[in-house]
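Results of the structural survey
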Amino acid sequence: MTETNPAAARPDSAKTKVFLEEADIPTHWYNIVADLPTPPAPHLHPGTKEPMSAEDMTAIFPLQLIEQEMSTDRWIEIPEAVQEIYRLWRPSLLHRARRLEQALGTTARIYYKYEGESPVGSHKTNSAVPQAYFNKLAGKTRLTTETGAGQWGAALAFATQVFGLTCEIFQVRNTYENKPYRSLLMRTFGAQVQPSPSMNTEVGRQLNERFPGTTGSLGMAISEAVELAVADPEASYALGSVLNHVALHQTVIGQEAIRQFAGFGESMPDHLFACAGGGSNLAGIAFPFLRENLEGRASVDVVACEPAAAPSLTQGEFRYDFGDASGMTPLLKMYTLGNDFVPDPVHAGGLRYHGMAPLVSHCYDEGLLRAVAVKQREAFEAGVLFARAEGIVPASESTHAIAGALRQARQAAEDGTSPVILIGVSGSGQLDLPAYAEFLSGDMLDT
């Protein structure tokens, strides 16, 4: 008698998830700059206000990452050493959210790409690993960085120990105090962690004097990390979002998702929702789909879901601004609320940033994607509904994307339409449970 695999025999309409083999992990990162109808504005030197050269960036980044930051090549090869580490968790699964559809009573078909299966539970490892690798090749021994919710900090702590580097992390004070397990996770991987703004850097002392009792911001933490990197020739600064090379590394997400849709018998989603703070998660899942749009193979409605507490796309200005609070970084052409903007201390710490990635900002300005702002109570309501239906507690940041998608799914039920919706679920919320506790108790505020 010949045995068969019942799962393999199911029709596409019955599948709940699609796997890819390790051999299907993308071998190249996708650079959307090559396909944009108009080129994005260059980064400017903070002193001269002239376009930055590669040499201008060598104080904080290794040459290989600088080349990626400035590249116009469509495809950039992923080194085998990076692919080897990617294989610990990639490819990630694409799920059909059938129980969520039933809970909503929607006529939409909902899918989600889940990045919480990575070593530290988020999409951030997709960039942390190559950044640590290229710094190791450049002879660096130490990396400094900032982190908001702690997902990026944990990812870089993991990546630096993989390649034998040390790591010093400035965590935004609000999340350092409210999410102690995040900093514990970073320390488990060997990193040094301190709340920002601290009293251990010149810029930190200045910020504490300027903003007494501040809960901190990503812009402040960036300033502290950059100060340390510039002062140490053996150190580099590593950024978890915003810059072009970070967005580039994340495109493995969208490339995989495009292949997985075929496994469900679908062509392309009608709508794609992803949370957006600095922009790396949105870019990672959306840019490969935008390429399909630009080349005429699809018409995916890409929606950036940002927090109402830091609505850089929906309320910011598209102009040059510093990426940090003290004006140490290059000037970036982006949607910004101002580099001195300090967001309310909402629980989605990874989205509490004053600006949006230049490439995401450029795409938004060109009309290639749209944006919505989500208040945190609506976000956590969506996160709880998702958790009860799908069995996954999403990261605080991811709940914003889920909330945006639920708006669309409920509208479909009213309209009697059956759109295909894709949600980028950027990470696990297991360490965000204190935030869920506040929501479930009824104590959560929208400010």
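Up top is the structure these notes are about.
Everything numeric here is computed off the predicted structure, so don't read it as measured data.

1. Things to note about the sheet that holds strand β8 (residues 192-196)
Reading across the sheet, the 4 strands line up as β8-β7-β6-β9 and stay open at both edges, with parallel pairing between neighbours. The sheet is open, and its two edges are formed by β8 and β9 (235-237), each paired on a single side. Strand-to-strand twist in this sheet, taken as the mean axis angle between neighbours without regard to direction, amounts to 20 degrees. Examined bridge by bridge, strand β6 (residues 142-147) and strand β7 (residues 166-172) share 6 bridges and lie parallel to one another. Bridge pairing in β7 places L143 opposite C167. On the sheet, helix α6 (residues 151-162) packs against β6 and β7 and is oriented at approximately 165 degrees with respect to β6. Taken strand by strand, helix α8 (residues 180-188) contacts β6, β7 and β8, and its axis lies near 175 degrees from that of β7.

2. Focus: the nonpolar core
Counting 71 residues, the largest nonpolar core has W29, L272, L282 and F287 as the members making the most contacts within it. Beyond its immediate stretch of four places on either side in the chain, L272 contacts I285, A286, F289, V300, D301, V302, V303 and L422. Among the nonpolar cores identified, the runner-up in size contains 30 residues, and L100, A348, A382 and F386 belong to it.

3. Quick notes on the pattern of salt bridges
For the structure shown, the criterion picks out 21 salt bridges. For D232, the salt bridge goes to R142, with nearest N and O atoms at 2.9 Å. Remark: R142 occurs in strand β6 and D232 occurs in the loop between α10 (218-231) and β9; sequence separation between them is 90 residues. Across the pair E292 and R297 runs a salt bridge, and its minimum N-O distance is 2.7 Å. The exposure class assigned to E292 is buried, which follows from its relative accessible area of 10%. For R297, a relative accessible area of 45% translates into the label partly exposed.

4. Observations regarding the sheet that holds strand β5 (residues 109-114)
Across the sheet, 7 strands lie side by side as β1-β4-β5-β15-β10-β11-β14; this open sheet has mixed pairing. Two strands lie at the open edges of the sheet, namely β1 (17-18) and β14 (370-374), each paired on one side alone. Sheet topology places β5 next to strand β15 (residues 420-425); 6 bridges connect them, and they run parallel. Considered in β15, the bridge of Y111 is made with L422. Helix α16 (residues 376-390) contacts β4 (94-96), β5, β14 and β15 of the sheet and is inclined by roughly 95 degrees relative to β14.

5. Some words on the pairing of strand β11 (residues 301-307)
Among the 7 residues of β11, 7 are classified as buried, and the element is accordingly described as predominantly covered. Alternating positions in β11 separate into two faces, D301, V303, C305 and P307 on one and V302, A304 and E306 on the other, with burial throughout. Remark: the strand β10 (residues 271-275)/helix α13 (residues 280-294)/β11 crossover connection has right-handed handedness. Where β11 and β14 come together, 5 bridges link them in parallel fashion. Counterpart to E306 in the pairing with β14 is A373.

Parameters and conventions
- Residues numbered from 1 in each chain as written.
- Predicted model: local features only at pLDDT ≥ 70, side-chain atom pairs only at ≥ 80, totals over all residues.
- Heavy atoms only, no water.
- Pairing = 2+ DSSP bridges.
- Helix = DSSP H or I, 4+ residues; strand = E, 2+ residues; numbered from the N terminus.
- Axes fitted to C-alpha atoms, helices over the stretch in contact; angles between N-to-C directions.
- Contact = heavy atoms within 4.5 Å.
- Core = buried A, V, L, I, M, F, W, Y, C linked by side-chain atoms within 4.5 Å.
- Buried < 20%, exposed > 50% of the residue type's maximum accessible area, 1.4 Å probe, protein only.
- Salt bridge = Lys/Arg side-chain N within 4 Å of Asp/Glu carboxyl O.
- Right-handed = clockwise from strand over helix to strand, strands pointing away.

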